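Fold and contact review
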Amino acid sequence: MLTIALSKGRLAEQTLDLMEKAGYDVSAAREKSRKLILEDGKSGLRFILAKPADVPTYVELGAADIGVVGKDTLLEEGRQLYEVIDLGFGKCRMCVAGPAALKDKLDDIPNKRVGTKYPNITRNYFEGVKKESVEIIKLNGSVELAPLTGLAEVIVDIVESGRTLYENGLEVLETVADISARVVVNRVSMKMKEDEIKPMISKLRQALSEGEANT
Amino acid sequence: MGNKFYTPDGFTDLIPGLCACKRGLENKLRALYSLHGYDEIETPGVEYCDLYTASGFVPEEELYKFTDSAGRLLCTRYDGTVPAVRFIAGRNETFPVRISYIENMFRAGKTGGGKQSGFTQGGIELMGAKGAGSDAEVLAIAIKSALELGLTDLQISIGQVEFFAGLKRQMNLTDEQAQDIREAINRRDSVTIDKQSLSREDRDILLAMTEMSGTYDVLDYFLPKVTDEGAKGALTELKEILDILEKYGFLKYITIDLGLIGSEEYYTGMIFKGFTYEVGFPIISGGRYDDVSKAFGKDISSVGFSISLTLALTALIRQDKLVTSPAASVIVGGDYEAASAAVEALRAEGTAAILDTTGLSEDELNSYAQAKGIETVMYLNGGED
């Protein structure tokens, strides 16, 4: 029996589509209900629907063997996991954004205030990559408000099309990382359930490359 | 202080019954280590902080720190190995030295899933001993330890840090590139490796490191592909280790996993991790650490391992392999004189028994025994017996 932690929402749907293409029976997980654990005795799969930020936790601690989650969450949570497949969907960028006037002038502002939902990614980027100290302001949503209200000079956030930024007079200033959905595996499960997990990884990879060939 | 009933985050009490089980496990390990000629030592549990931080063995934030009366920075014991090397390096020893320990370790940081900040490890160190024979002895005792504790669903993965060091030379990787690839291999992250600018052959070797596991077949796959002498040597040494473990009949527990490359500063050769069901973390960890003694100005080639008794206990409980019971199986009450004579007679036979010292009635005694899980109740009437 393999337990798979899915990130609730569109990512879960896309993952199930891919698993179906790879030849897995995922009908149990498609049932419209309020159940959080969906089990299929026949296929030997058990799905749990978790909040995206919790998926790495379930997998690292071994409550789930496999998880599907965005690279942004993985970077933020910094858990010890095996990260085996880039699923390619859910593509976006983690960016530093702010008023267009700051373009190429970011380094001139000392002790920047940075608004973000991702304090760890922000700290690693500014301290680790850019070698500078910043004041991080943790926010829980509508991060674009921070530079508009003067709460912070810039923000670090996910950018998909850039439309929200554009409509609020903000621009991408720097790219921190490219983001997409990843398959993660618990380190112990990879060893103890190798016979189930390794074939699943290769079937998913196969289905992915077939998908790419068709588009 | 509003929290006087609670233990600090990351620490727990060991409840009656479970504590006895753990002591039982400790005694099994103690007997096993001693049977193989390893002498037990006890280190104080408090060390100078420098012991761990000066050579970068442990990140500062993972140590519990305080000061002594002279204001020097102290910390609690983080692992068994570094204090053991400190101890042996400071003595005039005839090598090889075989020592063992069963101690509590303290690690500040992330906890959960059976992982605690305070936990018990048992381990051995074989010091002043090189070669595949020494590596294999430590591996064999690690496997025996798990089996002795009842963890029969066991997987041991063995790697060799010299293999990647050799590949770095063979592929002419820059330090920065090697660091990225090392981290990627540690995460089994084929995506990052795919993106590196490498020749097709080199990329295939690195990708195979993240994926392949087996025994001799893995070594045979890589051997014709490496030209660096160090990397070749690593593979030949692993082969020798497998040959010895096969004689023990332990090959079935073992997989070679060259993606296991660990942290560069600490391990210098063979490295291994042990896994079982129902716990999300490795329960066994070990390897060759020839350079740790250099931090003490000595050169002592060493190899060792530790097993987490705390995780082992969790695994045994979740695998339904552990039954807890109270110390006493009998309680004797009623007439005090008759009862105390009876209870001593039971104890003389080796039966663990409790004497009721509070004068409970027969009904009270029965319900007390039930609440405590004591199997047998004896209620004696004075004079009639």
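These numbers come from a predicted model, not from an experiment. (Residues numbered from 1 in each chain as written. Chains lettered and ligands numbered in written order. Predicted model: local features only at pLDDT ≥ 70, side-chain atom pairs only at ≥ 80, totals over all residues.)

**Remarks on the overall build of chain B**
Rules: Strands here mean DSSP runs of E at least two residues long; helices mean DSSP runs of H or I at least four residues long; both are numbered from the N terminus. Exposed residues have 12 or fewer other C-beta atoms within 10 Å of their own C-beta, buried residues have 20 or more, and partly exposed residues fall in between, where C-beta atoms are placed from the backbone. Placing a C-beta atom from the backbone of each residue, one calls two residues in contact when those atoms lie within 7 Å.
A count of helices and strands for chain B gives 13 helices and 14 strands. When the backbone C-alpha atoms are referred to their principal axes, chain B occupies close to 95 × 55 × 45 Å. Evaluated residue by residue, chain B yields a buried proportion of 39% over its 385 residues. Relative to all contacts within chain B whose residues are 6 or more apart in sequence, the contacts with residues 24 or more apart total 69%.

**Some details on the nonpolar core**
Here is the rule we go by: A set of buried residues qualifies as a nonpolar core if it consists of Ala, Val, Leu, Ile, Met, Phe, Trp, Tyr and Cys joined through C-beta atoms within 7 Å.
Grouped together as the largest cluster of nonpolar side chains are 86 residues, with contacts concentrated most on Ala142(B) and Ala312(B). By residue number, the principal contributor to this core is helix 4 (residues 132-149) of chain B, which donates eight residues. Apart from residues no more than four positions distant in its own chain, Ala142(B) is found in contact with Ile156(B), Gly274(B), Ile284(B), Gly286(B), Phe305(B) and Ile307(B). Ranked by size, the runner-up nonpolar core spans 33 residues in total, among them Leu18(A), Leu74(A), Leu87(A) and Ile197(A).

**Side note on the sheet that holds strand 3 (residues 65-67) of chain B**
Strand pairing in a sheet is mediated by backbone hydrogen bonds. Such pairs are either parallel or antiparallel. Residue and element names in this part refer to chain B. This is how it is decided: Note on pairing: two strands pair once DSSP finds at least 2 bridges between them. Only the contacting stretch of a helix is used when fitting its axis, a line to C-alpha atoms as for every element, and angles between N-to-C directions run 0 to 180 degrees.
Ordered in space as 2-4-3, the three strands form an open sheet in which the pairing is antiparallel. Each end of this open sheet is capped by a strand with a single partner; those strands are strand 2 (46-48) and strand 3. Sheet twist, expressed as the average angle between the axes of neighbouring strands with direction ignored, equals 40°. Inspection of the sheet shows strand 2 paired to strand 4 (residues 73-76) by three bridges, in the antiparallel sense. For valine 46, the partnering residue across the bridge sits in strand 4 and is threonine 76.

**Here's the deal with the domain arrangement of chain B**
What counts is decided by this rule: Domain start and stop points were drawn from an automatic or database domain assignment.
Taken domain by domain, chain B consists of domain 1 (18-39 + 92-318) and domain 2 (330-380). Using only C-alpha atoms to locate each centre, domain 1 of chain B and domain 2 of chain B end up separated by 51 Å.

**Overview of the domain arrangement of chain A**
Residue and element names in this part refer to chain A. Our working rule: For this classification, Asp, Glu, Lys and Arg are treated as charged, while Ala, Val, Leu, Ile, Met, Phe, Trp, Tyr, Cys and Pro are nonpolar and the rest, including Gly, are polar.
Assigned domains within chain A: domain 1 (2-90 + 180-214) and domain 2 (92-178). Taken together, the contact between domain 1 and domain 2 spans seven residues of the former and eight residues of the latter. Residues of the side of domain 1 that touches domain 2, tallied by class, amount to one nonpolar, three polar and three charged.

**Things to note about the environment of Gly118(B)**
All names here are of chain B. Residue position: glycine 118 is located in strand 6 (residues 118-127). Separated by 40 residues in the primary sequence, glycine 118 and tyrosine 78 place their C-alpha atoms 9.4 Å from one another. Apart from residues lying up to four places away in sequence, glycine 118 is in contact with Gly10, Phe11, Asn104 and Phe106.

**Let's talk about the interface of chain B and chain A**
With 16 residues of chain B in contact, the opposing surface of chain A contributes 13 residues. Contributing elements (two or more residues each) for the side of chain B that touches chain A: strand 7 (155-160) and helix 7 (190-195) of chain B. The class makeup of the residues in the side of chain B that touches chain A is six nonpolar, seven polar and three charged.

**Considerations on the pairing of strand 10 (residues 284-288) of chain B**
Residue and element names in this part refer to chain B. Counting buried positions along strand 10 yields five of five residues, so the element is predominantly enclosed. Of the two faces of strand 10, the one holding Ile284, Gly286 and Arg288 and the one holding Ser285 and Gly287 are both buried throughout. Where strand 9 (residues 270-275) lies against strand 10, four bridges are found, and the strand directions are antiparallel. Counted as the bridge partner of isoleucine 271 is glycine 287 from strand 10. Where strand 10 and strand 11 (residues 302-308) come together, five bridges link them in antiparallel fashion.

**Side note on the packing of helix 5 (residues 161-170) of chain B against helix 10 (residues 229-248) of chain B**
All names here are of chain B. In plain terms, the rule: For classification purposes, an angle smaller than 35 degrees is called roughly parallel, one larger than 145 roughly antiparallel, one from 65 to 115 roughly perpendicular, and anything else oblique. It is the rotation of the near helix from the far one that decides the hand of a crossing: anticlockwise by less than a right angle makes it left-handed, clockwise makes it right-handed.
Look at helix 5 against helix 10: their axes get within 7 Å of each other, and the N-to-C directions meet at 155°. Comparing the axis directions of helix 5 and helix 10 gives the class roughly antiparallel. In the crossing of helix 5 with helix 10, the sense of the turn from one axis to the other is left-handed. Only Gly230, Ala231, Gly233, Ala234 and Leu235 of helix 10 make contact with helix 5, whose side of the interface consists of Glu162, Phe163, Ala165, Gly166, Leu167 and Gln170.

**Focus on the packing of helix 1 (residues 18-35) of chain B against helix 11 (residues 309-318) of chain B**
Pairs of packed helices are described in terms of their axes, by the angle between the two and the distance that separates them. Residues and elements named next belong to chain B. The contact between helix 1 and helix 11 brings their axes to 11 Å, and the two run at 120°. Relative to helix 11, the element helix 1 lies oblique. The two elements helix 1 and helix 11 cross, and the hand of that crossing is right-handed. Together, Cys21, Lys22, Leu25 and Glu26 of helix 1 and Leu309, Ala312 and Leu313 of helix 11 make up the contact between the two elements. Classifying every residue of the contact of helix 1 with helix 11 by side-chain character gives five nonpolar, no polar and two charged.

**Details of the sheet that holds strand 14 (residues 376-380) of chain B**
Residues and elements named next belong to chain B. Pairing is parallel in the open sheet, where three strands are placed in the order 13-12-14. One side of each edge strand has no neighbouring strand; the edge strands of this open sheet are strand 13 (353-355) and strand 14. For this sheet, the mean inter-axis angle between neighbouring strands, taken without regard to orientation, is 20°. By the bridge criterion, five bridges tie strand 12 (residues 330-334) to strand 14 in an arrangement that is parallel. In the strand pairing of strand 14, valine 330 is matched with threonine 376. Strand contacts of helix 12 (residues 336-349): strand 12, strand 13 and strand 14, with the helix running at about 160° to strand 12, the strand carrying the most contacts. Of the strands in this sheet, strand 12 and strand 14 are in contact with helix 13 (residues 362-372), which crosses strand 14 at around 165°.

**As for the environment of Ser340(B)**
All names here are of chain B. By the secondary structure assignment, serine 340 is in helix 12. What makes serine 340 partly exposed here is the crowd of 15 C-beta atoms within 10 Å. Separated by 17 residues in sequence, serine 340 and threonine 357 place their C-alpha atoms 9.1 Å apart.

**Some words on helix 4 of chain B**
All names here are of chain B. Rules: Between the first and last residue of a helix there are one fewer steps than residues, each counted as 1.5 Å, and that sum is the expected span.
Between its first and last C-alpha atoms helix 4 spans 26 Å; for 18 residues at 1.5 Å apiece the expected length is 26 Å, and the two agree. Taken together, the buried positions of helix 4 are occupied by Ser134, Asp135, Ala136, Glu137, Val138, Leu139, Ile141, Ala142, Ile143, Ser145, Ala146 and Leu149. Two residues or fewer past helix 4, glycine 150 is found with a positive phi of approximately 95°.

**Considering the environment of Ser308(B)**
Residues and elements named next belong to chain B. Its location among the elements puts serine 308 in strand 11. Sequence-wise, serine 308 and proline 282 are 26 residues apart; in three dimensions their C-alpha atoms are separated by 8.7 Å. Those residues in contact with serine 308, other than ones at most four positions away along the chain, are Phe119, Gln121 and Ile283.

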